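Residue strings, one per chain:
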Amino acid sequence: MKRPTRWIVLHTVIWSVVVVNTSMSAQSFASLAAGDALERTSSTAARDYVPDELVSGSVSPPSNILVPDVYRNLVDVMLRRSATFRRQCLRIAAEPRVLVSVDVSPRSFGAGIRAMTQFRRSLDGRLTADVHLNSADDEVELLSHELEHVIEQLDQIDLSSKAAQSDSGVRRTVLDTALFETKRATRTGLKVAQEMRGSARKAD
Amino acid sequence: MWRVPRRAAMLMLATAVSANPTGFVTLPQADAHRSLADATSVSVSEDGRFVAFTSFARLVPADVDRCRDIYIFDRTTSRVSLESEPQERCEEDGDADHPRLSGDGRMLVYQLSGQILLRDRRTGSARTLGDGDAPAISADGNAVTFVAKASPAGADQIRVVNVSTGAVARVHPGTDAEHFTGAYADPSLSRDGRVVAFAAIAAGAGPPENHSRRPFWHVYAGHVADSSAVRLSGMQARAADGDSWQPAISGDGRIVAFTSTATNLVEGDQNRTADVFAVDVGTGAIELLSRNMKRVTANGRSSHPAVSVDGRFVVFQSDASDLVCASRCRTADEDINLLTDVFVVDRQTKIVRRVSADSGGEWMEASGGPAIDGAGRVIAFSSRHATGAADTSNDFDLYIASQRLPAAALPSGASCLACSRFLLTFSSFGTSSSARSKYGIASVTRPPVASVDPRLF
């Protein structure tokens, strides 16, 4: 049995789309007595929340995001400089049933389209995301934009129903198709690009 | 844990809160599988000092199982304590869940393996109140309600147990218990345990409801002493045309917030999406709480309301993105995560504020299952948002937020240190609820809600 495949496409004017095709690859317990004698309270479990601590520290490139060799250095730099990109990678890395494959090559996706992601969800729950970037000069924004679409799928967001609501942040970009763009992905792509520029200026 | 004097505790509480500029304290719940449709796994005591929550994490040495356990966090001392007993087997119904606290946090009620357990944290004693689920406890700790599950010979029941005397009362829709068979859910008690709100659905065809071919879940409320309850989700002649559930009654028993998919409760509600409403039990007036800045229904599902003592503050979760701002928003007000967030609405000012966000903006992870203290100042909820750099598991953890009350919500010249005094001020509302009710609830003479009548039943 096959399920629809989703495509996410990025226009030059930021709006990108998701295309739904019909093709789809199927795919101690310890002693209670001992517990009774142990301490039942703790003063170390709670911690104050500090936002800046969330994405500090080093993050390795997730093994389930496959990028061309020529882009590995870029990903390393993005991981160092962008907290938002680190958050994205941590989220995807925590999902072992997801595989993201990034391809950068000139392709004709349609007028003004800069990037696209095809999703294939198999019956056993595995999600494969094929990310195609069609531009060589704004990969930072495009890659993080498309990875946010991947996370949207991990969050099981129903883009179709969201697009039917006003001011929802989801737009069906082409009528009668399942081509969607989200503010969430758009903002995330721009934010990562901004963080990269800001970090570069600091380094200078 | 009970040696800290109350006044000193409040002072320590204020000091501890002010030391954390973000206002959030987090605790691990390590709950990867919780659905935001599930019942709230968090409870805040009315005085705001204690937060009960469920956790799969082993937060203390005595937690030797792998089950979901009940913990309580003392915001004054920053200590957590394990309250449920370790289990030999963790099963679907073997995990402890649904913790609810009395007003001062002394009494804890929760469900475990289909039973309702009541724990007195001062004496350390625990007792089983019966088979059932979805327990709730009054702020005075003297009444516990729950859904007693159907025996082979009978139907579900809403039971209210007097903790002191052991007396058990049943409350049901209408005046004739024998003619109502069906299912019950989500009971909630006023702070003195006199008024109970719950959701119920009649079994079988029954009398047809207006605008529907099947019976809907409805929200009811009634005095425990009367055993009968009246429908709040729609007037008698015009019942709600959708399901209504998750009632949360204010401490004074005057306001019931609930979730409903009905479209005929207020003017202009045209969607079939779950919205959060509040009904004044005295007057029957219903207001839509999950509305956007354009004063119409929000563009996503809203549910799981919890309410402060006087009903002024209602916290709920929502998928909607236009509750705080719909268009041309400041970055801080934007809601573009497409996920469930936690909001609090001030029914007096009509202002809705997102709670599940920080100074850096909105979170890109889902949050839900909120609870609120009596003053509307402490809000606890679960979120997948990372609690720190080491939290990479994308599971639900507990967030406790402490917000400043609007000046109008505090007694003149008072600060938040006066929250305990503030609660006493709230309680005086109970004496003034003499409105004639078309539902018959407020027509029953009620003593001040702050008083505790030993003859509860």
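Just so you know, these numbers come straight off a predicted model, no measurement behind them.

> Residues and numbers for helix H4 (residues 139–154) of chain A, please.
Residues and elements named next belong to chain A. Taking 1.5 Å per residue as the helical rise, H4 with its 16 residues ought to reach 22 Å, and the 22 Å between its terminal C-alpha atoms agrees with that figure. Burial analysis of H4 places 16 of its 16 residues in the buried class, which makes it a mostly covered element. Two residues or fewer past H4, glutamine 156 is found with a positive phi of approximately 55°.

> Explain the pairing of strand E12 (residues 168–173) of chain B to me, using residue names and the numbers behind them.
Residues and elements named next belong to chain B. Taken together, the four bridges between strand E11 (residues 157–162) and E12 define a ladder with antiparallel strand orientation. Bridging across to E12, valine 160 finds its partner in alanine 169. Following E11, the chain reverses through five residues before pairing antiparallel with E12; glycine 166 in that reversal takes a positive phi of roughly 80°. In the sheet, E12 pairs with strand E16 (residues 228–231) via two bridges, with the strands oriented parallel. Each bridged residue has a counterpart across the sheet, and for proline 173 the counterpart in E16 is alanine 229.

> Just give me the short version of empty space enclosed by the protein, but keep the residues and values in it.
Residue and element names in this part refer to chain B. Size it by volume and the largest cavity reaches roughly 80 Å³. Where the lining of the largest cavity is concerned, the elements lending two or more residues are strand E22 (286–288) and strand E25 (341–346). Considering only residue class, the lining of the largest cavity consists of six nonpolar, one polar and six charged. Every residue along the wall of the second largest cavity is listed here: Arg34, Ser35, Leu36, Asp38, Ala39, Thr40, Ser41, His304, Gln317, Gly368, Gly369 and Ser382. A per-class count over the lining of the second largest cavity returns two nonpolar, eight polar and two charged.

> Quick rundown of the pattern of salt bridges? Include the residues and the values.
By the definition in use, this model includes 32 salt bridges over all chains. For the salt bridge of arginine 187 of chain A with glutamate 334 of chain B, the shortest nitrogen-to-oxygen distance reads 2.2 Å. Separated into two different chains, arginine 187 of chain A in helix H6 (residues 183–203) and glutamate 334 of chain B in the loop between strand E24 (313–318) and E25 make up a pair that spans both. Taking relative accessible area as the criterion, arginine 187 of chain A reaches 35% and is therefore assigned partly exposed. A relative accessible area of 9% means that glutamate 334 of chain B is categorised as buried. Connected through shared salt-bridge partners, Arg87, Arg91, Glu95, Glu148, Asp155 and Arg184 of chain A make up one network.

What counts, and at which threshold
Residues numbered from 1 in each chain as written. Chains lettered and ligands numbered in written order. Predicted model: local features only at pLDDT ≥ 70, side-chain atom pairs only at ≥ 80, totals over all residues. Heavy atoms only, no water. Helix = DSSP H or I, 4+ residues; strand = E, 2+ residues; numbered from the N terminus. Expected span 1.5 Å × (residues − 1). Buried < 20%, exposed > 50% of the residue type's maximum accessible area, 1.4 Å probe, protein only. Pairing = 2+ DSSP bridges. 1 Å grid on protein atoms, 1.4 Å probe; cavity = no way out; pocket = protein on both sides within 12 Å on 5 of 7 lines; lining within 4 Å. Points joined across faces, edges and corners; volume = space filled by probe spheres on them. Nonpolar A, V, L, I, M, F, W, Y, C, P; charged D, E, K, R; others polar. Salt bridge = Lys/Arg side-chain N within 4 Å of Asp/Glu carboxyl O.

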